[in-house]
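# Summary of the model geometry
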Amino acid sequence: MKEFKQAKWSEPIIFEIGSQDRKGYSLPISDGNPVLSREYKIPESLRRHADPELPEISEVEVVRHFIRLSQMNFGVDNGFYPLGSCTMKYNPKINDTVASLDEARWIHPHQPEDTLQGMLEIIYKLALWFCEITGMHKFSMQPAAGANGEFAGTLIIRAYHKLKGELQQRREIIIPDSAHGTNPASASMAGFEVVTVPTNEDGCVDIEALKEATSHRTAGLMLTNPNTLGIFEEKIRDIEEIIHDAGGLLYYDGANLNAILGKARPGDMGFDIVHLNLHKTFSTPHGGGGPGAGPIGVKEHLQDFLPVPLVEYDGEKYYLNYDVPHTIGKVKGFYCNFDVLLRAFAYILTVGAEGLERISEISVLNANYLACRLSKIRGFEIPYGKDKPRKHEFVLSCSPMKSDTGISAKDVAKRLLDYGVHPPTIYFPSIVDEALMIEPTESASIEEMDEFVEILTSISNEAYNDPEKILKAPHNTSVGLIDEVKASHPRTLCLSWKMYKKRFKGETAKP
Ligand SMILES: Cc1ncc(COP(=O)(O)O)c(C=O)c1O
């Protein structure tokens, strides 16, 4: 196993470095300088004349400051990152370069359409590709995240029943207890009541319970598939029939499409609406709060409800179509998060159809390899559907370890940090006790996964022989074991320069 010791700097905040009038750049002032000339184009009326309160530091100081901070952090570029479900999947760096090209960076949503033809063409073609990948009829690229896509989708369900005059009656959305947490949140935000159906021993929707829950009150069902246990719903056809027969619509949470890319399509499974998380499956790094994109696709009978604007092509030019008869309106400012769409476009172009299929094969193979090896380590087990293959992820439970030694999923997660591994998602899904949700993704190598198995074996040995060492972990990180109660108390947190000044410099914060 590799040895890991994180850097530890007592790094001041950036405002405490440097001194008055020190500058971070020394560009020659020249008319031909593209950066400066852009700056000069800011109209007088929009210019700020009072000096903004900024750190006054040299270029070397600022670079060193941020490098030191990054050394005390952990990310996908440092090491293994098996953060189940919301993980960083394969994010080729070349696509970041594409997204930061001047042609993409400097366009503005207020530009006239005829100056944005290239951008519109990319959006239009990407939407067509997504239709082919998912088996849907039309896509809107508006939503900026998975949950934003879900919200748009549930508003479409609402608008559809309203138009049919059935909204008063159809107030319920059915959601399995193995769904991603944003599903019930989105349904509630759209004004529906959430009806939960349980998971059976096989880790799939309990079909009898689903039949019982379905009625004339059902507006639709939201299904995360593969579900949060990493299991593909075997009775997907039955599920579809039950809901459609009752007059409801089917929503497919396709955030983790890397599990089925090129192998199965939500549209062929009979689903009416789907969202994708481009900041997971299609090459934008996930995490850190954005930016993201959660486009939604619908079958033909729902296309008139999609959010606007839609990007269309009239045979000569691309244009923005706001004239969608029953549109739910906008769910985001302007058109979309274009840089995220551009990465997805470049990704699909470079890997091609065969590459997409290979991505899902490798992500599934990796998850099953790890699941098989980790389930044999003392103290761990994989509940639900014990002999079933997983898709892109699986959920390991530390329940046996907790009852034998007192070591919990949280303790294991903290000890993993000492080995330079980002911890898995913990305590989710809530239907698994002491859950560690693990997703190696398509980018993990066999050596990396074998090392992870060795690390968890070593942690298990420790749990049974020297639990104190785990309880005091992490030992090798820049920040040790934190006081969780204190850290989650708003009064102790100091989250901005203004708060910091008020607390430590005795200054009164301005509103
Ligand atoms: C299955 C699933 N659905 C929905 C979401 C929500 O996506 P977002 O975080 O972009 O809102 C996630 C999270 O990444 C997810 O894993």
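Above this text you will find the structure in question.
This write-up is about the structure you can find in this document. This one's a predicted model, so the numbers in the text were calculated from it and none came from an experiment.

A few words now on unusual backbone geometry. Most peptide bonds take the trans form, and the phi angle of most residues other than glycine is negative. For the peptide bond that leads from Phe-428 to Pro-429, omega is 0 degrees, which places it in the cis range. With omega at 5 degrees, the peptide bond leading from Ala-473 into Pro-474 counts as cis. The topology assignment puts Pro-474 in the loop between helix 15 (467-471) and helix 16 (484-487). Despite not being glycine, Tyr-384 shows a phi value in the positive range, around 65 degrees. Position of Tyr-384 among the secondary structure elements: in the loop between helix 11 (338-374) and strand 10 (394-397). Despite not being glycine, Glu-434 has its phi angle at roughly 50 degrees, a positive value. Position of Glu-434 relative to the elements: it lies in the loop between strand 11 (425-426) and strand 12 (435-438).

Glancing now at the sheet that holds strand 5 (residues 249-254). On the basis of which strands lie adjacent, the open sheet formed by seven strands has the order 1-7-6-5-4-2-3 and mixed pairing. Sheet topology places strand 1 (138-140) and strand 3 (193-197) at the edges, where each strand pairs with a single neighbour. Strand-to-strand twist in this sheet, taken as the mean axis angle between neighbours without regard to direction, amounts to 25 degrees. Pairing of strand 5 with strand 6 (residues 273-276), which is carried by four bridges, proceeds in the parallel orientation. The partner of Asp-253 across the bridge, within strand 6, is His-275. Packing against the sheet, helix 5 (residues 117-134) makes contact with strand 1 and strand 6, and its axis sits at approximately 125 degrees to strand 1.

If the charged atoms of two oppositely charged side chains come close together, the side chains can form a pair. Using the criterion set out here, one finds 28 salt bridges in the structure. In this structure, the salt-bridge partner of Glu-361 is Lys-263, at a minimum N-O distance of 2.6 Å. On the criterion of sequence distance, the pair formed by Glu-361 in helix 11 and Lys-263 in the loop between strand 5 and strand 6 is long-range, its members being 98 residues apart. Put simply, Asp-450 and Arg-373 hold a salt bridge, and the shortest N to O gap is 2.8 Å. One end of the pair, Asp-450, is in helix 14 (residues 446-465); the other, Arg-373, is in helix 11, with 77 residues separating them in the sequence. In this structure Asp-450 comes out as partly exposed when scored by relative accessible area, which is 25%. Salt bridges here are not isolated pairs; linked through shared partners, they connect Lys-263, Glu-357, Arg-358 and Glu-361.

Turning our eyes to something else, we now look at the side chain of Glu-312. If you trace the backbone, Glu-312 turns up in strand 8 (residues 310-313). Looking at Glu-312, the relative accessible area reads 14%, which means it is buried. If near-sequence neighbours (up to four positions away) are discounted, Glu-312 is found in contact with Tyr-124, Lys-138, Lys-317, Tyr-318, Tyr-319 and Asn-321.

As a further point, take the pairing of strand 4 (residues 218-224). Along any regular strand, the residues point their side chains to alternate faces of the sheet. Most of strand 4 sits out of view: seven of its seven residues are buried. Here strand 2 (residues 172-176) runs beside strand 4; their pairing, made up of three bridges, is parallel. In the strand pairing of strand 4, Ile-174 is matched with Leu-221. One ladder, built from five bridges, connects strand 4 with strand 5; its direction is parallel. Bridging across to strand 5, Met-222 finds its partner in Tyr-251. Handedness of the strand 4-helix 9 (residues 236-245)-strand 5 crossover: right-handed.

On to the site of the ligand. The local shell around the ligand holds 16 residues, among which Ser-85, Gly-146, Asp-253, His-279 and Lys-280 are the closest. In this structure, His-180 approaches the ligand through a side-chain N or O atom, which is 3.5 Å from an oxygen atom. Here an oxygen atom of the ligand and a side-chain polar atom of Lys-280 are 2.5 Å apart. Here the ligand, which alone exposes 390 Å², has 90% of that area covered by the protein. Elements with a contribution of two residues or more to the shell around the ligand: helix 6 (146-163) and helix 10 (278-281). Considering each element in turn, the shell around the ligand owes the most residues, three residues, to helix 6. Each residue belonging to the shell around the ligand can be placed in one class, and the counts come to four nonpolar, nine polar and three charged.

The next subject is the nonpolar core. Soluble, globular proteins show a tendency: their nonpolar side chains are buried together. Core analysis: the biggest nonpolar cluster contains 55 residues, and Phe-130, Leu-210, Leu-278 and Phe-282 have the highest contact counts within it. Residues in contact with Leu-210, not counting those within four places in the same chain, are Ile-174, Val-197, Val-205, Leu-221, Ile-239, Ile-242 and Ile-243. Phe-80, Phe-380, Leu-456 and Ile-470 belong to the second largest nonpolar core, which has 30 residues in total.

The first and last C-alpha atoms of helix 5 sit 26 Å apart over 18 residues, in line with the 26 Å expected at 1.5 Å per residue. For helix 5, the full list of buried residues reads Met-119, Leu-120, Ile-122, Ile-123, Leu-126, Ala-127, Phe-130, Cys-131, Ile-133 and Thr-134. Those residues of helix 5 that are buried are in contact with strand 1, strand 6, helix 10, strand 8, strand 9 (318-321) and helix 11. Downstream of helix 5 by a residue or two, Gly-135 has a phi angle that is positive, lying close to 75 degrees.

With that settled, consider the packing of aromatic side chains. According to the stated counting rule, one finds 13 aromatic pairs in the structure shown. Between Phe-282 and Tyr-347, the ring centres sit 6.4 Å apart and the planes meet at 85 degrees, which makes this aromatic pair edge-to-face. Taken together, the residues Phe-282 in the loop between helix 10 and strand 7 (296-298) and Tyr-347 in helix 11 connect sequence positions 65 residues apart. Of the residues examined, Tyr-347 reaches a relative accessible area of 0% and is grouped as buried. A cation over an aromatic ring shows up here: Arg-68 above the ring of Trp-9, its NZ or CZ 5.4 Å from the ring centre. Just above the ring of Tyr-464 sits the side chain of Arg-378; from NZ or CZ to the centre is 3.7 Å.

Reading the values: rules and limits
Within any chain, residue numbers begin from 1 and follow the written order of that chain's sequence. Predicted model: local features are reported for residues with pLDDT of at least 70 only, side-chain atom pairs are reported and counted for 80 or more only, and whole-chain, interface and lining totals are derived from all residues. In computing side-chain properties, one takes all heavy atoms of the structure into account and sets aside hydrogens as well as water. Under the scheme used here, helices are H or I runs from DSSP no shorter than 4 residues and strands are E runs no shorter than 2 residues, and both carry numbers assigned from the N terminus. Two strands pair under a simple rule: DSSP has to find at least two bridges between them. Inter-axis angles, ranging from 0 to 180 degrees, are taken between N-to-C directions of lines fitted to C-alpha atoms, where helices are fitted over the stretch in contact. Note on contacts: a residue pair is in contact if any heavy atoms of the two residues lie within 4.5 Å. Salt bridge, as used here, is a side-chain nitrogen of Lys or Arg placed within 4 Å of a carboxyl oxygen of Asp or Glu. Each residue's exposure class comes from its accessible area (1.4 Å probe, protein chains only) as a fraction of the maximum for that residue type: buried when under 20%, exposed when over 50%, partly exposed otherwise. Here a crossover is taken to be right-handed if, once the strands point away from the viewer, the path from the first strand over the helix to the second is traced clockwise. Being near a molecule or strand, for a residue, comes down to having at least one heavy atom within 4 Å of it. In the analysis that follows, any N or O atom pair within 3.5 Å is treated as a polar contact, provided that within protein one partner can donate a hydrogen and the other can accept it, and provided that, for residues neighboring in sequence, both atoms belong to side chains. The Shrake-Rupley method, run with a 1.4 Å probe sphere, supplies the accessible areas, and residue values consider only the shown protein chains as cover. Residues were grouped as follows: Ala, Val, Leu, Ile, Met, Phe, Trp, Tyr, Cys and Pro as nonpolar; Asp, Glu, Lys and Arg as charged; and all remaining residues, including Gly, as polar. Buried Ala, Val, Leu, Ile, Met, Phe, Trp, Tyr and Cys residues that are joined via side-chain atoms within 4.5 Å together make up what is termed a nonpolar core. Under the convention used throughout, the expected extent of a helix is 1.5 Å for every residue step, that is, one less than its residue count. The aromatic pairing rule takes the rings of Phe, Tyr and Trp, using the six-membered ring of Trp, and pairs them if the centres are within 6.5 Å, calling planes under 30 degrees apart stacked, those over 60 edge-to-face and the rest tilted. Two limits define a charge over a ring: the Lys NZ or Arg CZ must be within 6 Å of the ring centre, and within 35 degrees of the ring normal.

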